[in-house]
Amino acid sequence: MLKCPDDEPSRRRPGWLGWALMAPMLLWLIAFVVAPTLILVVYSFCQRDELGQVVYRFSWENYRRIFFDSDRGRLGTVYLDVFLRSAIYAALTTGICIVVGYPVAWFIGRAREGRRNLLLTLVMIPFLTSFLIRTYAWMTILSEDGILNGFLEYTRLISEPFQMLYTPGAVVLGLAYNYLPFLILPVYGSVEKLDPALVEAALDLGANPWRVFQKVIIPLTMPGILAGIVLVFIPAVGMYAVAQLMGGGVDPTIGEVIQNQFFSARDRPFGAALGITLMLMFALVFWIGARRGMTKLE
Amino acid sequence: MRTFRLFLALALLCVVAVSGRAETKKKGVLNLFCWSEYVPQEVIDGFTRQTGIKVNVENYASNEEMLSKLLESEGKYDLIQPSEYTIEALIKANKLEQLHLENIPNIKNLDPTYTSLPHDPENKYSVPWMAGSVGIVVNTAKVKTPVTSYKEVFSGAHKKRIVILNDAREIVSWALSSLDLPINEITPASLAKAKPVLAQWLPQVRVYDSDSPKTALLNGNVDVGIVWSGEAAILYAKNKKFQYALPAEGAHRFIDSLAIPKGAPNQENAEKFINFILIPEVSVKISNAFPYTNPNAEARKLLTKAQLANPASYPPGDPKLETFRDIGKISADIDKLVTDLKNASGD
């Protein structure tokens, strides 16, 4: 097919109307993303005084504290372990969301037009309730005197209450529950666009269902899966309320540690440094992912 | 025309905003910056009725939150309600106004145990509001042996059945008390001694919660807790099986006081409010709403027997209680130590 250069969207430059329409978004980004990030960057190189006020004197100390353990004189600190733990929780959460969410998204995407909207509404319904109330509800279900333990004891499946709340498992469960819709929705978007004729063609040409899934369906829904992974993984790493409420604060996650710096430890510069480090780690992973994606496409 | 009207509305808004600011400078206002769930509305209404002074209330949830807002907006608040170590830090930084005690005659009602304390030795800057302690709550329906010391809490018998405050300074002070080390002169050496004790204690903890430690106890997820006395008083009032005891090794007494920040616009009104809450009948209303330890000796005479018998509000005997002092920058080391040990005890 011949390409007409003028029609390529990237070549078209936005006129004044385009800029005017984008202005609210740009202002929003500057006020609530760019400016706070710059403040964090400045803070992260500062120090604190006795009262916990930020002292504007340049220092690398906060970053050194994250990467280098001066007590033991080696690289690698408790904070890096905490980063790792948070990443593992988030990765498990993402994994569970894919395994549970993908079939759901597929089913909704293949359903009859009328039923689709109903099913999507069902996915969205939990959002009508406050996040905190849903989390407290889970705590009631999982606690020792809770519904689940009561049921298991009643049916004689267990003889004494099983510790479910305040464990890492409870944290991952809470995260997966809260972020599941964020995976279902983008995958549904891809599934809906997938042309059924391609699946039929693959079957006609002799591919077995597994091969069709592997070679046709997965690649075609990949954009949705990737968007879902980003939407689940990134917020899950930083989420501290679930870790605090359902994990009991026993195994610290990075969100809790950062929150602690801004409140009880009164060390905003160090909290800022942790936040910036987390952001840079995301950026790095994202960049590597994007580069690999590019080379594949080429 | 449309734009003109919009402009007019904006101008009007500015006038209102400016006059609103001017109003705070007039005599009839008091800007109170206090803890949430600590100043009953009844008391505020009573003050307005008696003096005609309008009270603007803003709340905070921690000393640290209060500090950061206070330091960012000087001249906004007339009266604050910090805890003892925060008062000390504010005095050191010269951020509090001296009180004119001649305007606060009711100060004579206070129990001398709660005045002239190390954080404000001459009572020049602060007047106690309520006091409390940090102690041990035991669900006696589940635990039959007495638990009255930190060592008994962490003896190993209650492994993973314990809730404690999620507060690094509190946790470290318990370990120091159990070693008979001072809780207010914390040095790298004393932290090094506390470390092995905490390394043994923290893996036994099931929940860390400062906001509502009573929840885990009420739900039956834990049997023993080290919590604020106010939380313990509520638990005891709900069910007598939750018994409170002050640790034998010594416990932290916290005292929240009223103080006037530097440059407060309505200092006279602030002193009137302080004098008002020291009236015994008013002070009783605070006790009725929030069962902490009332430092007002005259008010205590008016409390009911049941209120005085709540061991979490008024612990019997002669317990070893100590207030916290400002410890400055070593708090960063304390925070690191506790994060470190929590991390090691996890996984």
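Rules used in this analysis
- Residues numbered from 1 in each chain as written.
- Chains lettered and ligands numbered in written order.
- Predicted model: local features only at pLDDT ≥ 70, side-chain atom pairs only at ≥ 80, totals over all residues.
- Heavy atoms only, no water.
- Helix = DSSP H or I, 4+ residues; strand = E, 2+ residues; numbered from the N terminus.
- Rg over C-alpha atoms; globule rule 2.2 N^0.38 Å.
- Buried < 20%, exposed > 50% of the residue type's maximum accessible area, 1.4 Å probe, protein only.
- Contact = heavy atoms within 4.5 Å.
- Areas by Shrake-Rupley, 256 points an atom, 1.4 Å probe, with all protein chains shown as cover.
- Buried area = accessible area lost by both parts, 1.4 Å probe.
- Salt bridge = Lys/Arg side-chain N within 4 Å of Asp/Glu carboxyl O.
- Polar contact = N/O pair within 3.5 Å; in protein donor to acceptor, adjacent residues only side chain to side chain.
- Nonpolar A, V, L, I, M, F, W, Y, C, P; charged D, E, K, R; others polar.
- Axes fitted to C-alpha atoms, helices over the stretch in contact; angles between N-to-C directions.
- Parallel < 35°, antiparallel > 145°, perpendicular 65-115°, else oblique.
- Left-handed = near helix turned anticlockwise from the far one by under 90°.

Next up on the list: the overall build of chain A. Scanning chain A from terminus to terminus reveals 12 helices and 4 strands. In terms of C-alpha radius of gyration, chain A reaches 24 Å, well past the compact-globule figure of 19 Å for 298 residues. Overall size of chain A, expressed as C-alpha extent along the three principal axes, is 70 × 70 × 40 Å. When each of the 298 residues of chain A is scored for burial, the buried share is 37%. The contacts in chain A between residues at least 6 apart in sequence include a share of 62% that link residues at least 24 apart. Entry remark: accessible area of chain A is about 18000 Å², with carbon and sulfur atoms responsible for 70%.

Before going further, it helps to examine the interface of chain A and chain B. Accessible area lost upon the coming together of the parts serves often as the stated size of an interface. Taken together, the contacts link 36 residues of chain A with 34 residues of chain B. Three residues stand out in chain A for area buried against chain B, namely Leu 51, Tyr 166 and Val 250 of chain A, and they jointly supply 19% of the buried area on that side. Seen at the junction of chain A and chain B, the total is 3 salt bridges. Residue Glu 72 of chain B is joined to Arg 268 of chain A by a salt bridge in which the shortest nitrogen-to-oxygen separation is 3.7 Å. Run the count over chain A and chain B and you get 13 residue pairs in polar contact (both at pLDDT 80 or more). If you list the elements that add at least two residues to the side of chain A that touches chain B, you get helix H3 (78–110) and helix H11 (254–262) of chain A. A per-element tally of the side of chain A that touches chain B places H3 of chain A first, with 5 residues. Residue composition of the side of chain A that touches chain B, grouped by class: 12 nonpolar, 9 polar and 15 charged.

Residue and element names in this part refer to chain A. If you trace the backbone, Leu 152 turns up in helix H6 (residues 147–154). Taking the C-alpha atoms as reference points, Leu 152 and Ile 234, 82 residues apart in sequence, are found 35 Å from one another. Once residues lying within four places of it in the same chain are set aside, the contact partners of Leu 152 are Leu 157 and Ile 158.

The description of two helices packed together rests on the angle between their axes and the distance between the axes. Residues and elements named next belong to chain A. It is at 10 Å that the axes of helix H8 (residues 196–204) and helix H9 (residues 209–238) come closest, and there the two elements cross at 150°. In this view, H8 runs roughly antiparallel relative to H9, as classed from their interaxial angle. Read as a crossing pair, H8 and H9 show a hand that is right-handed. Touching Leu 198, Val 199, Ala 202 and Leu 203 of H8 are Pro 209, Val 212, Val 216, Ile 217 and Leu 220, all from H9. Here the residues of the contact of H8 with H9 are counted per class, giving 9 nonpolar, no polar and no charged.

On to the pattern of salt bridges, then. Per the counting criterion, the structure on display carries 17 salt bridges over all chains. Within this structure, Glu 144 of chain A together with Lys 142, Arg 161, Arg 206 and Asp 223 of chain B form a network of salt bridges that share partners.

A few words on the packing of helix H3 (residues 63–72) of chain B against helix H4 (residues 84–92) of chain B. All names here are of chain B. One can describe the packing of H3 onto H4 by two numbers: an axis separation of 10 Å at closest approach and a directional angle of 25°. As summarised for this structure, H3 and H4 are arranged roughly parallel, according to the angle between their axes. Of the two possible hands of crossing, H3 and H4 adopt the one that is right-handed. The residues of H4 that touch H3, namely those facing Asn 63, Glu 64, Met 66, Leu 67 and Leu 70, are Tyr 85, Thr 86 and Leu 90. Tallied by class, the residues present in the contact of H3 with H4 amount to 5 nonpolar, 2 polar and 1 charged.

Don't take any of this as a statement about function, it's just geometry.
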